[in-house]
Amino acid sequence: MKEAQKKYKDTVFRLLFKDPARALNLYNSIMGTDYTDVEMLRFNTLENAIYMNVKNDLSFVIADRLNIYEQQSTPSANMPLRDLFYVADILQREYMNRTVYSNRPVKIPNPYFVVFYNGKKELPERMELKLSDNFEFPSDAPFLELKVTVLNINPGMNQALKEKCPSLKEYMIYVEKVRDYAGTMPLADAVERAVEECIRNNVLREFLSGQKAEVIKMSIYEYDEERELQLIREDERFLGREEGKVEGKAESILELLTDCGTVSDELKMRILGQRDREILKKWIRLAAHVKSVEEFSSQM
């Protein structure tokens with residue numbers, strides 16, 4: 001997977017909206033503008049990322065606005081933090097030759113952050129993520145804030161937006177076909193069938209016909225990555241449950257020892273810090289039979 005990700009940094013979404021006309025249409029559809037001159041649009045997408053899951057999908061400046069767009073099939077509460085990294089990187093590159101130490105203000109374009117969500121987990125049609133939601137100590141008036149608008153583009157969601165932007169609408173038709181077919185046939189066959197069917201039905205026809213082989217390879221890697229992330233999250237949930245069981249055993253030991261006398265802080269830390277389930281089980285059995293905390297400590 002990592003070798004594939006290094007070679008195919010682009011995703012279908014990123015490749016599709018690299019086209020200035022499509023990017024401009026997407027911007028107009030979101031902002032309610034009607035710009036027609038693609039020369040107004042200047043891309044500054046980060047191209048030096050290695051792995052697909054940490055790269056910047058699409059960013060460009062138009063009409064003094066810096067737009068940073070991401071497509072996600074997995075919800076991420078860390079998107080504001082990631083966007084903070086992206087915007088800092090972009091601004092540093094754009095203004096590295098401008099002095100920021102003089103008293104004269106360095107004017108920068110207004111940033112605007114959007115995530116297009118098309119995952120399987122149910123999310124509202126529109127939501128907002130804030131950087132301050134991740135602060136360890138919440139503040140009513142944070143000194144640093146970054147807001148991300150999440151637009152759910154799954155079927156039945158944000159239909160008006162997709163009608164205004166046919167490329168976005170047809171992109172979702174293609175994604176849904178890949179997912180549907182992947183449930184009943186090998187992934188490579190599912191992707192190829194989805195591509196062929198979309199071309200026949202005039203869905204992203206020009207785009208898919210012109211870059212068919214590239215799109216098929218990207219789609220396979222994207223879908224594999226999506227499934228891999230899902231498995232990772234399932235493992236994390238499993239490990240979390242197991243860790244909870246272990247912590248419960250540690251608490252059981254402390255409850256038993258409390259009846260035997262005062263438990264020192266050092267002993268508490270040693271018990272609570274233990275994550276070997278078999279050792280904890282042994283300690284539980286021991287704590288159930290000892291008559292003093294000292295006796296327990298001597299036999300640990």
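What follows concerns the overall build of the protein. Along the protein, the regular secondary structure elements total 12 helices and 6 strands. Expressed as a percentage of its 300 residues, the buried residues of the protein come to 41%. Accessible surface for the protein amounts to roughly 17,400 Å². Of this, 50% is attributable to carbon and sulfur atoms.

For helix 3 (residues 20-31), with 12 residues, the first-to-last C-alpha span of 16 Å sits near the 16 Å given by 1.5 Å per residue. For helix 3, every residue scored as buried is listed here: Arg22, Ala23, Leu24, Leu26, Tyr27, Asn28, Ser29 and Ile30. Two residues or fewer after helix 3 comes Gly32, characterised by a positive phi angle close to 75°.

Let's shift gears to the packing of helix 6 (residues 166-182) against helix 7 (residues 187-200). Running from N to C, helix 6 and helix 7 point in directions that differ by 140°, and their axes come no closer than 8 Å. By the angle between their axes, helix 6 is oblique relative to helix 7. Crossing of helix 6 against helix 7: the hand is right-handed. Contact with helix 6, carried on its side by Tyr174, Lys177, Val178, Tyr181 and Ala182, involves Leu187, Ala190, Val191, Arg193, Ala194, Val195, Glu197 and Cys198 of helix 7 and no other residues of that element.

Side chains of residues three or four places apart in an α-helix project in the same direction, reflecting 3.6 residues per turn. Regarding helix 11 (residues 277-287), the residues found buried are Leu280, Trp283, Leu286 and Ala287. Viewed along the axis of helix 11, the buried residues span an arc of 120°, placing them on a single side of the element. Residues of helix 11 that are exposed and angled more than 90 degrees away from the buried face: Glu278 and Arg285.

Our focus in this paragraph is the side chain of Glu70. Residue placement: Glu70 occurs in strand 3 (residues 65-72). Among buried Asp, Glu, Lys and Arg side chains, Glu70 stands out as unpaired, with Arg82 the closest opposite charge at 4.0 Å. Of note is the side chain of Glu70, whose polar atom sits 2.7 Å from the backbone nitrogen of Asp57.

Parameters and conventions
- Residues numbered from 1 in each chain as written.
- Predicted model: local features only at pLDDT ≥ 70, side-chain atom pairs only at ≥ 80, totals over all residues.
- Heavy atoms only, no water.
- Helix = DSSP H or I, 4+ residues; strand = E, 2+ residues; numbered from the N terminus.
- Buried < 20%, exposed > 50% of the residue type's maximum accessible area, 1.4 Å probe, protein only.
- Areas by Shrake-Rupley, 256 points an atom, 1.4 Å probe, with all protein chains shown as cover.
- Expected span 1.5 Å × (residues − 1).
- Axes fitted to C-alpha atoms, helices over the stretch in contact; angles between N-to-C directions.
- Parallel < 35°, antiparallel > 145°, perpendicular 65-115°, else oblique.
- Left-handed = near helix turned anticlockwise from the far one by under 90°.
- Contact = heavy atoms within 4.5 Å.
- Arc of directions from axis to C-beta.
- Lys, Arg positive; Asp, Glu negative; His and termini not counted.
- Salt bridge = Lys/Arg side-chain N within 4 Å of Asp/Glu carboxyl O.
- Polar contact = N/O pair within 3.5 Å; in protein donor to acceptor, adjacent residues only side chain to side chain.

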